[in-house]
Amino acid sequence: MGDFTGYVEAEGRGFDFMSPSASLNATAQVQKFSFGNYNLDAIDADITLNNGIAHAVIDSDNPLVKGMISFDALMSTDKLQATVSADLSHADLHGLNIVSRPFTLAMCCHLDLMSDLDKVYKIDGVIDDLTMRDAKKTYRTEGIVMDILTNPDTTYAKIDCADLHLKMKASGGYEHIISQIQDLADELTGQLNMKQLN
């Protein structure tokens, strides 16, 4: 951990932030800070949590992330309803150790999230102005509109981007579908290793 230059003020109650009795009011202005290989300079953050209502705004201007992210949520021990908005001019996914090769992106997004924190997950929203860069090329897409839901009975996805329209509906939750995909991948790999496809 590197030296810290900045200002942090925080007060709160409790350690389980999903509990309605927990509270937090925090402000941070980070001028200089590093954690391992992560440069976390120039980050301002305001976070509040009271009675299960959370609000956070993070403004970052460093080589890893440049842009603003906001988060608003209703939280409890068995349910999360949240809205995440981001306006990022630069995110270094390689520098953040998310991908193994140089890759950056820029985007604006507005996503509504819902979960029972167990088996039910829903994402509904838009990603706009998406620009991706690797070591050789720059890729740009039109707006991506998504509506994705998974619960123990059904998994549903509708994703639209320009002339690409994906609609999927399957029985079972995401764990069941991942298991089926893994079984198919294992069978396909076995057949490829034996140099035959049936």
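Scroll up for the structure.
The following paragraphs examine the structure supplied in this document. Since this is a predicted model, take the numbers as computed values, not measurements.

So, about the pattern of salt bridges. A full pass over the atoms with the stated rule returns three salt bridges. Here K122 makes a salt bridge to D147, at a shortest N to O gap of 2.7 Å. Taken as a pair, K122 in strand β10 (residues 121–134) and D147 in strand β12 (residues 144–150) lie far apart in primary sequence, 25 residues in all. A relative accessible area of 24% places D147 in the partly exposed class. Here K158 and D160 are joined by a salt bridge, their closest N and O atoms 3.8 Å apart.

Right, let's get into the side chain of T104. Assignment of secondary structure puts T104 in strand β9 (residues 103–115). Taking relative accessible area as the criterion, T104 reaches 18% and is therefore assigned buried.

Here we take up the environment of Y121. Position of Y121 relative to the elements: it lies in strand β10. For the pair Y121 and I177, spaced 56 residues apart in sequence, the C-alpha separation works out to 14 Å. Discounting chain neighbours no more than four positions away, the residues touching Y121 are M114, S115, I148, L149, T150 and Y174. At a separation of 3.2 Å, a polar atom in the side chain of Y121 contacts the main-chain carbonyl oxygen of D118.

Right, let's talk about unusual backbone geometry for a bit. Backbone geometry places N97, a non-glycine residue, at a positive phi of 60°. Take N97: it is sitting in the loop between β8 (79–92) and β9. A positive phi angle is found at A162, which is not glycine, with a value near 55°. By secondary structure assignment, the location of A162 is in the loop between β13 (154–161) and β14 (164–171). The partly exposed category is assigned to A162, whose relative accessible area is 39%.

Our next topic: the pairing of β8. In the sheet, strand β7 (residues 65–76) pairs with β8 via twelve bridges, with the strands oriented antiparallel. Looking at the pairing, S76 lines up with K79 of β8. Alignment of β8 against β9, held across eleven bridges, turns out to be antiparallel. By the bridge assignment, A91 is partnered in β9 with L105.

Rules used throughout
- Position numbers for residues count from 1 along each chain, tracking the sequence in the order it is written.
- At least 70 in pLDDT is required for a residue's local features to be given in this predicted model, at least 80 for side-chain atom pairs to be given and counted, and no such filter applies to totals for whole chains, interfaces and linings, which use all residues.
- Derived side-chain values reflect all non-hydrogen atoms in the structure, with water molecules and hydrogen atoms excluded from consideration.
- Salt bridge, as applied in this entry: a Lys or Arg side-chain nitrogen positioned within 4 Å of an Asp or Glu carboxyl oxygen.
- By definition, any uninterrupted DSSP run of H or I lasting at least four residues is a helix, any uninterrupted run of E lasting at least two residues is a strand, and each is numbered from the N terminus.
- Note on exposure labels: buried denotes an accessible area under 20% of the residue type's maximum, exposed denotes more than 50%, and partly exposed covers the range between, all computed with a 1.4 Å probe on protein chains only.
- Throughout, a residue-residue contact means that at least one pair of heavy atoms, one from each residue, lies within 4.5 Å.
- For this analysis, a polar contact is any N or O atom pair within 3.5 Å, provided that within protein one partner can donate a hydrogen and the other can accept it, and provided that sequence-adjacent residues contribute only side-chain to side-chain pairs.
- When DSSP locates at least two bridges between a pair of strands, those strands are taken to pair.

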